[in-house]
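Architecture and fold: a report
So the chains spell out like this:
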Amino acid sequence: MRIDARSPGQLRPVTMIPHFTRTSGGSVLINWGGTRVLCTALLEEGTAPFLRDTGRGWLTAEYAMLPSSTSSRKKREGLKPDGRSTEIKRLIGRSLRAAMDFEKLGEHSIWIDCDVLEADGGTRTASITGAWAALRLGVDRWLQQGLIASDPIIHQIAAVSVGIVEDEPRLDLCYQEDSSAQVDMNLVMNEAGAFIEVQGTGEGRAFSRAEMDAMLAMGEAGIRSLFDLQRQAVEEARS
């Protein structure tokens, strides 16, 4: 029996509140179990320096945990973020860039910001999943405002954690499960069923090919459910 009485392949409750803030192009507050992340998408004129005069745009992601997001105060990050935050923001950026056709974006830059309000495991996967919905809402707004000429989003993206706890493959680890997991894995996929990133580590022991296949299948099923929730949030915002 899991800590929260879920079945091995069951997600924690996930809700997405669209247009949570009014100042950004697109925003979503994603509540995923005990984890809450505010995801926003902003558009700026001009592209990354290495793409100047190419007609292509770019997307950059930032990630941070608020000091009160954990049980003990997390030190506020200054100009130099810690290694974990740097790793996660790069993962978010890679994941969302896989959703884009940057020629359609033109020479614009999109900034994705993911700020963790509360952390209970899976902050990076919640950030990616919520950020895609915020990006979709932002693009809708920029198209309506005439800020961009065509829709640059070509894929839907979501992410989830899987792992092995007490020798059992489990989907969507909460903090307590994650901290004691024998194997920890994060998956990022698109709607076509293609993997964008697979991060897997045997933290307590090695894992077999059969166990890896079980985790991948469990993760894909979870991501399919997340795609449905993203679409529901976007449709709610559009109505």
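Our structure's up above, just so we're on the same page.
In short, a report on the structure. Remember, predicted model here, so these are calculated numbers, not experimental data.

Calculation criteria
Residues numbered from 1 in each chain as written. Predicted model: local features only at pLDDT ≥ 70, side-chain atom pairs only at ≥ 80, totals over all residues. Heavy atoms only, no water. 1 Å grid on protein atoms, 1.4 Å probe; cavity = no way out; pocket = protein on both sides within 12 Å on 5 of 7 lines; lining within 4 Å. Points joined across faces, edges and corners; volume = space filled by probe spheres on them. Helix = DSSP H or I, 4+ residues; strand = E, 2+ residues; numbered from the N terminus. Nonpolar A, V, L, I, M, F, W, Y, C, P; charged D, E, K, R; others polar. Pairing = 2+ DSSP bridges. Axes fitted to C-alpha atoms, helices over the stretch in contact; angles between N-to-C directions. Contact = heavy atoms within 4.5 Å.

Here we look at the layout of surface pockets
- Within this model, the largest pocket holds a volume of roughly 500 Å³.
- Lining the largest pocket are 24 residues, and of these Arg84, Gly121, Gly122, Tyr175 and Asp178 lie nearest its centre.
- Residue assignment for the lining of the largest pocket shows that the elements contributing at least two residues are helix H1 (83-97), helix H3 (123-144), helix H4 (175-180), strand S8 (183-190) and strand S9 (195-202).
- A total of 3 residues in the lining of the largest pocket trace back to one element, the largest contributor, which is S9.
- For the lining of the largest pocket, the class distribution of residues is 4 nonpolar, 11 polar and 9 charged.

Some details on the sheet that holds strand S4 (residues 58-65)
- On the basis of which strands lie adjacent, the open sheet formed by 5 strands has the order S1-S2-S3-S5-S4 and mixed pairing. A strand with exactly one partner marks an edge of an open sheet, and here the two such strands are strand S1 (14-18) and S4. Taking the axes of each pair of neighbouring strands and ignoring which way they run, one obtains an average angle of 20° across the sheet.
- On the sheet, H3 packs against S1, strand S2 (26-32), strand S3 (35-45), S4 and strand S5 (108-118) and is oriented at approximately 40° with respect to S3.
- Sheet strands touched by helix H5 (residues 209-238): S1 and S2. Its angle to S1, the strand with the most contacts, is close to 25°.

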